[in-house]
Amino acid sequence: MTEPYQLTAWEAAQALQNRSLSSSELISSVLRRIGEVEPKVHAFQVVIADKAKEMAKEIDDRRARGDSLHPWAGVPIAVKDNFCLKDAPCTCSSRILENFNPPYHATVVQKMLDAGLIPIGKTNLDEFAMGSSTENSAFGMTRNPWDLDRVPGGSSGGSAASIIADETVLSIGSDTGGSIRQPAAFCSITGMKPTYGRVSRYGLVAFASSLDQIGPMTKDVRDAAGLLQIIAGHDPHDSTSIAQPVPDYLTELTGDVRGLKIGIPKEYSIEGMNPEIEKNWREAALFYEGQGAECVEISLPHTEYAIAVYYMIGTAEASSNLARYDGVVYGRRAEGPFENIVDMYRKSRSEGFGSEVKRRIMLGTYVLSAGYFDAYYRRAQRVRTLIKNDFEAAFKTVDVVLCPATPSPPFKAGEKTDDPLEMYLSDVFTAPLNLAGLPGIVIPGGFSSEGLPIGIQLIGPALSESRLFNVAHRFQMETDIHKRRPTL
Amino acid sequence: MEFEPVIGFETHVELAAKSKVFCDTRAEFGGEPNSYVCEVCLGLPGTLPVLNKTSMELSLKVALALNCDIPEVTEFDRKNYYYPDLPKNYQISQEYRPLGRNGAMTILMPGGREKTVGIHNIHLEEDAGKLVHDVYKGRGVSLVDLNRASTSLLEIVSQPDMRSPEEAEAFMETMRSLLRYLEVSDCKMQEGSLRFELNVSMRPKGQKEFGTKVEVKNVGSVRAVLRALDYEMRRQTEILEDGGRVIQETRLWDDERGETRSMRVKEGAKDYRYFPEPDLPPVHIDREYLETLRKDLPELRDAKRKRFVEEYGLPDYDAGVLAAEKAVADFFEECTRLHNAPKVYSNWIMVYILRELGGEDEKEIADLKITPEHLAQLAQILDSGKINQNIAKKVLNKSLQTGDLPEKIIQEKGLEMVSDSGEIEKFVDEVIVEQAGPVEEYKNGKDNTLNFLVGQVMRKSRGKAQPDTVQELLRKKIRGEQP
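Residues numbered from 1 in each chain as written. Chains lettered and ligands numbered in written order. Predicted model: local features only at pLDDT ≥ 70, side-chain atom pairs only at ≥ 80, totals over all residues. Heavy atoms only, no water.

Visitor: It is not clear to me how the side chain of Asp220 of chain A should be interpreted in this structure. Could you clarify?
Guide: Residue and element names in this part refer to chain A. By the secondary structure assignment, Asp220 is in the loop between strand S6 (213–218) and helix H7 (221–231). The buried charged residue Asp220 lacks any salt bridge, with Arg222 as its nearest oppositely charged partner at 4.8 Å. For Asp220, the side chain forms a polar contact with the main-chain nitrogen of Arg222, separated by 3.3 Å. Setting aside residues up to four positions removed in sequence, Asp220 forms contacts with Thr8, Thr190, Gln476 and His482. (Helix = DSSP H or I, 4+ residues; strand = E, 2+ residues; numbered from the N terminus. Buried < 20%, exposed > 50% of the residue type's maximum accessible area, 1.4 Å probe, protein only. Lys, Arg positive; Asp, Glu negative; His and termini not counted. Salt bridge = Lys/Arg side-chain N within 4 Å of Asp/Glu carboxyl O. Polar contact = N/O pair within 3.5 Å; in protein donor to acceptor, adjacent residues only side chain to side chain. Contact = heavy atoms within 4.5 Å.)

Visitor: Honestly, the domain arrangement of chain B in this entry has me stumped. Any pointers?
Guide: Interfaces are frequently sized by the accessible area removed from exposure as the parts join. Residue and element names in this part refer to chain B. Taken domain by domain, chain B consists of domain 1 (3–290), domain 2 (299–413) and domain 3 (421–479). The distance between the C-alpha centroids of domain 1 and domain 2 comes to 35 Å. Facing the 17 residues of domain 1 at the interface are 15 residues of domain 2. A buried area of about 1,300 Å², summed over both sides, lies between domain 1 and domain 2, and 40% of it is on carbon and sulfur atoms. The interface formed by domain 1 and domain 2 holds six salt bridges in total. A salt bridge links Glu325 to Arg176; its shortest N-O distance comes to 2.8 Å. The tally of links from domain 1 across to domain 2 stands at seven residue pairs in polar contact (both at pLDDT 80 or more). At seven residues, the largest contribution of residues to the side of domain 1 that touches domain 2 is made by helix H2 (residues 165–181). For the side of domain 1 that touches domain 2, a count of residues per class yields seven nonpolar, three polar and seven charged. (Domains from an automatic or database assignment. Buried area = accessible area lost by both parts, 1.4 Å probe. Nonpolar A, V, L, I, M, F, W, Y, C, P; charged D, E, K, R; others polar.)

Visitor: In this structure, what is going on with the interface of chain A and chain B? I would like to understand it.
Guide: Counting from both sides, the interface comprises 39 residues of chain A and, opposite them, 32 residues of chain B. Note on chain A versus chain B: buried area summed over both sides is about 2,800 Å², and carbon and sulfur give 58% of it. Seen at the junction of chain A and chain B, the total is one salt bridge. We note a salt bridge from Asp279 of chain B to Arg201 of chain A, for which the minimum N-O separation is 3.0 Å. Where chain A touches chain B, the interface holds 19 residue pairs in polar contact (both at pLDDT 80 or more).

Visitor: Can you help me understand the pairing of strand S11 (residues 453–459) of chain A in this one?
Guide: In summary, the side chains of a regular strand alternate between the two faces of the sheet. All names here are of chain A. Most of S11 is tucked away: seven of the seven residues are buried. Burial of the side chains of S11 extends over both faces: Pro453, Gly455, Gln457 and Ile459 are buried on one face and Ile454, Ile456 and Leu458 on the other. Across four bridges, strand S9 (residues 400–404) lies against S11 in antiparallel orientation. In the sheet register, Cys403 faces S11, and the bridge partner there is Gln457. One ladder, built from seven bridges, connects strand S10 (residues 440–447) with S11; its direction is antiparallel. Bridged to Pro444 within S11 is Gly455. Following S10, the chain reverses through five residues before pairing antiparallel with S11; Gly451 in that reversal takes a positive phi of roughly 85°. (Pairing = 2+ DSSP bridges.)

In structure tokens:
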């Protein structure tokens, strides 16, 4: 028998509306599942059980009264722990924010709540979303439900793991260089990074402001489309959010790919790529050809610079964004007495930040320093424009680009923690989109011979989310890879 | 060797926008500490700035009035430095694409000489909060008040074009006047809404290269700036005369001791790691909008001064004094509109009203009890001959104290001119009898004595007689003519 926690949001919504399931039952089922598997997975930083039950009851009452509700009202959602949810902790997996409870809701959180979604907990991440494995969490790593010795990817590893372990129905993450898509690939879920500005960043704790974007992490494409529908839109509190109206992604979700032109970027066949990844990519291309699409080789010539550019711009912005954690007004302050204010800053920050965050703050500070600013930051911005131009040129001839999500399947915990550069290469296929501000979706593409998930990625021009959902949805209409679950 | 100063200013202006520059929290002073704050100006994690359009508009007005080049696109940058009054540990400012560049301001020196001072750039930024150093449970503590944090601050950087304290004073005076004309700030130096930071270096007269400059901060009034300037000129000259080297540094002005003190040595420029603010998209400044702003700029001081000379026939000096403050100029023109007597108003304003303004509490003309209606009424009564100049001055002073209208004061105090010629004649007759000596002198051709006799009659009338009438009467009576 299907347990309620196994349902997708779409399915749960049907059941909730025809009253075969109550939100309270759904929440209880999910909480029971969390109780069973969470000790193994550790997807959550905090589970918001009591409040979730209370909200579920309220939704059930309102639905019984015949109040007009969003169809998805009463569905639980796991929120990455770098979103501000009023009166709940927001640690960003950092000691420095250990005791920080934001006094306001992020815009996306407010939109979720307005739709009646129920925050079930806050999920683990690499500290301040810096990492590709969720090992850089001050409060313990998250494990990959497919193989507990392996990492779930990162930085939204907790959100990805919570979905595939059925500890929630929906989840939400943030993506600066691949932080939604890489864990989606590692955990075999659906994850989308929308166009920069499609979703308000207000209330998302900033890592790199010009790259950060929020997106859905779900059990399938339909759920991703429905969730983006809820959270997208212009926000007067975020000047970088786009003022275009939000399409009806669910209505536009036909799965029709006939006549579609798909670009296969030759530069994405990088040296050292796992052959099973390469094979899966080719198979995906063949699949789409079989569905009436046409695949053509394209070139994105500046791809090889993307990681370097990403780590210059991303760390530069991060070094400034993270300057505010100084122990003065909120967050962790080291034990005094201090010699002076600089001593207080130094001790509080030394204690509060983990080593990866410190590394990036130092890198970014260096990139912005007098004498290096032009050579690194300015130059990186110019190359960023070239990368953007590559995509613009490509989208004159193709509708979407198909490529792998990651160069390898999930790696073992500890395997790359001593080699930051190796770890940084996990983002090689995902970071270019953040630099170009473009939307990308990752869906489960298959499994390696070892039974490890492999993801495929589809990239589209700005504001082509609807098209990406369609193309990805076709794959899920014809295959059941996304329906497979690990045994826990 | 003779040295000359090279002087420049960074003018900091708190803009009169109702809310802060990047959030909708009220920009207000004097409230309970940390009462005007929100998650954005507290710099809480996840918050983002949104540009206040009013702040930008006020800034553009200044840029237009200072004849700056205004780019089609202006951008904000982050200035990174750690200080507890700066919640994000970076200040959103404008380094690379400020909203105005290459401007100019004409300053008018006493004696009528004009000089143009270049404006290097104008940029909009957020202000910092305030630290209060206190003692708590026997320990020294620093308290942070963020009410002022993120209020709109406009910085106007001048070129080092001034060469004397007089020019520096004229610059500050002209700048203040301009900002007040534009109504972009209340410009209260005591409250810090207008601050002048002085840059000064000395060089041998005739030398082209600049000397090493020193920045002076913490100067709270024009007078203090001039004292600080005087101090620095002497200090630097002494160093140079002794063959020493001036250190490039920021110095703090100590008003009580009347000296500047070294704050921190600048070893090269401090590295603020400026980079474009990624949370704020570039601001496009529409040309049509800019033209509308330009058209709506108020008539500025110079133009007004010239118009006052032409339109009202005022002496250039008077026109300059009246036009220095927009509120004063408006007051004057309103008087004129109510009753046409420009020269009378000009005198009254310059002599009796301006001295009431300024001071410790920076009193403005609108704070006075007197209004244009008072002056116009008084001028009208004066013109009708019911009172003379002296009485008018007395009434004016009374009005200034009480706020009563001249008509009321004149009536209550019985100050109206004696027009009853019988009464005046009585006074004249008395004087001729009492002052037989002087009367004799006048008869013998000493004309000046008549003035003395007029004064005596005026005294008897307690100033209410018309001196002309009195003179006429005296003359006729003494000569034995029938009045």
